Amino acid sequence: LRGLPSVDPVLAADTIAACVAVNIEPKAIYHRLEGSKLYHRLTICLTPHVGSLSAKKTCDVMAALAKAGQRELDLISAVEAVVRARPYKFHAEHLISLLRDFAAVKYTSPDIHKLLVARQSELAECTPSALCALPGALAAQARRSGGGELGPP
């Protein structure tokens, strides 16, 4: 794992998703390496370059880490920074996915919550699965931040 800092961001993202798909558990030991350390090393490699990923790939990485229960605050902060810097790179569906996955690792993002509330006109274009995740994602964010919910424009 010494060569990880030079790994392509897409490869790092795909590796994280693959590790979750084959059930690399954060607390288990794999050849003298704890699963959580593997995830952490991959996210260290990915964090400075997260802006180069597509919105979908960014959501896929966050969903994988949430499924593994791996809370990577530096990566989450980097994702938030990308969303703030390039808000229209992310459709409302992506914002819902990010909020859902942040909630799964007990993280609150008032900025993404506010952006989603401001972009509720895009909800009509979201998939049914994203719309099903919307109430839970908003509720988790509102509980932690005291924020509002979607309402009429």
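Our subject is the structure that appears above.
Residues numbered from 1 in each chain as written. Predicted model: local features only at pLDDT ≥ 70, side-chain atom pairs only at ≥ 80, totals over all residues. Heavy atoms only, no water.

A.B. asks: Honestly, the overall build of the protein in this entry has me stumped. Any pointers?
C.D. replies: Across its full length, the protein carries seven helices and two strands. Against the globule reference of 15 Å for 153 residues, the protein gives a C-alpha radius of gyration of 16 Å, in line with a compact fold. If you line up the protein on its principal axes, its C-alpha atoms span 55 × 25 × 25 Å. Relative to its 153 residues, the protein shows a buried fraction of 45%. For the protein, contacts bridging at least 24 residues in sequence account for 70% of all contacts bridging at least 6. Accessible area of the protein: about 8,100 Å², with a carbon and sulfur share of 58%. For the protein, the distance from the average site of its 18 positive side-chain charges to the average site of its 14 negative ones is 5 Å. (Helix = DSSP H or I, 4+ residues; strand = E, 2+ residues; numbered from the N terminus. Rg over C-alpha atoms; globule rule 2.2 N^0.38 Å. Buried < 20%, exposed > 50% of the residue type's maximum accessible area, 1.4 Å probe, protein only. Contact = heavy atoms within 4.5 Å. Areas by Shrake-Rupley, 256 points an atom, 1.4 Å probe, with all protein chains shown as cover. Lys, Arg positive; Asp, Glu negative; His and termini not counted. Charge placed at Lys NZ, Arg CZ, Asp CG, Glu CD.)

A.B. asks: Would you mind going over the pattern of salt bridges with me for this structure?
C.D. replies: Per the stated rule, a full pass over the model turns up five salt bridges. Of the charged contacts in the structure, one is a salt bridge between Asp 14 and Lys 57, with a shortest N-O distance of 2.4 Å. Placement of Asp 14 in helix α1 (residues 9-21) and of Lys 57 in helix α3 (residues 55-68) is noted, with a sequence separation of 43 residues between them. Judged by its relative accessible area of 33%, Asp 14 falls in the partly exposed class. (Salt bridge = Lys/Arg side-chain N within 4 Å of Asp/Glu carboxyl O.)

A.B. asks: How should α1 be read in this particular structure?
C.D. replies: Residues lying three or four places apart along an α-helix face the same way, a consequence of the helix completing one turn every 3.6 residues. Across its 13 residues, α1 extends 18 Å between first and last C-alpha, which sits within 8% of the 18 Å expected from 1.5 Å per residue. Those residues of α1 not exposed but buried are Pro 9, Ala 12, Ala 13, Ile 16, Cys 19 and Val 20. Buried residues of α1, viewed axially, fall in a sector of 125 degrees; they line one side. On its buried face, α1 sits against α2 (35-46) and α3. N-cap assignment for α1: the residue whose side-chain oxygen lies 3.1 Å from the backbone N of Val 10 is Asp 8. Trailing α1 by a residue or two, Asn 23 shows a phi angle of about 65 degrees, which is positive. (Expected span 1.5 Å × (residues − 1). Arc of directions from axis to C-beta. Polar contact = N/O pair within 3.5 Å; in protein donor to acceptor, adjacent residues only side chain to side chain.)

A.B. asks: What exactly am I supposed to notice about the packing of aromatic side chains here?
C.D. replies: Where two aromatic rings form a pair, the distance of their centres and the angle of their planes describe that pair. Applying the stated criterion to the full structure yields one aromatic pair. Arranged with centres 5.5 Å apart and planes meeting at 85 degrees, the rings of Phe 102 and Tyr 107 form a pair that is edge-to-face. You can call Phe 102 buried: its relative accessible area is 0%. Judged by relative accessible area, which is 15%, Tyr 107 ranks as buried. (Phe/Tyr/Trp six-rings, centres within 6.5 Å; stacked < 30°, edge-to-face > 60°.)

A.B. asks: Any chance you could explain helix α4 (residues 73-85) here in plain terms?
C.D. replies: Compared with an ideal rise of 1.5 Å per residue, which puts 13 residues at 18 Å, α4 spans 18 Å between its outermost C-alpha atoms and is within 8% of the ideal. For α4, the set of buried residues is Leu 75, Ile 76, Ala 78, Val 79, Glu 80, Val 82 and Val 83.

A.B. asks: Can you walk me through the packing of α1 against α3 in this structure?
C.D. replies: Two packed helices can be described by the angle between their axes and the distance between those axes. Look at α1 against α3: their axes get within 9 Å of each other, and the N-to-C directions meet at 35 degrees. Between α1 and α3 lies a crossing whose hand is left-handed. The segment α1 lies against α3, with Val 10, Ala 13, Asp 14, Ile 16, Ala 17 and Val 20 engaging Lys 57, Val 61, Ala 64, Leu 65, Lys 67 and Ala 68. Split by residue class, the contact of α1 with α3 holds nine nonpolar, no polar and three charged. (Axes fitted to C-alpha atoms, helices over the stretch in contact; angles between N-to-C directions. Left-handed = near helix turned anticlockwise from the far one by under 90°. Nonpolar A, V, L, I, M, F, W, Y, C, P; charged D, E, K, R; others polar.)

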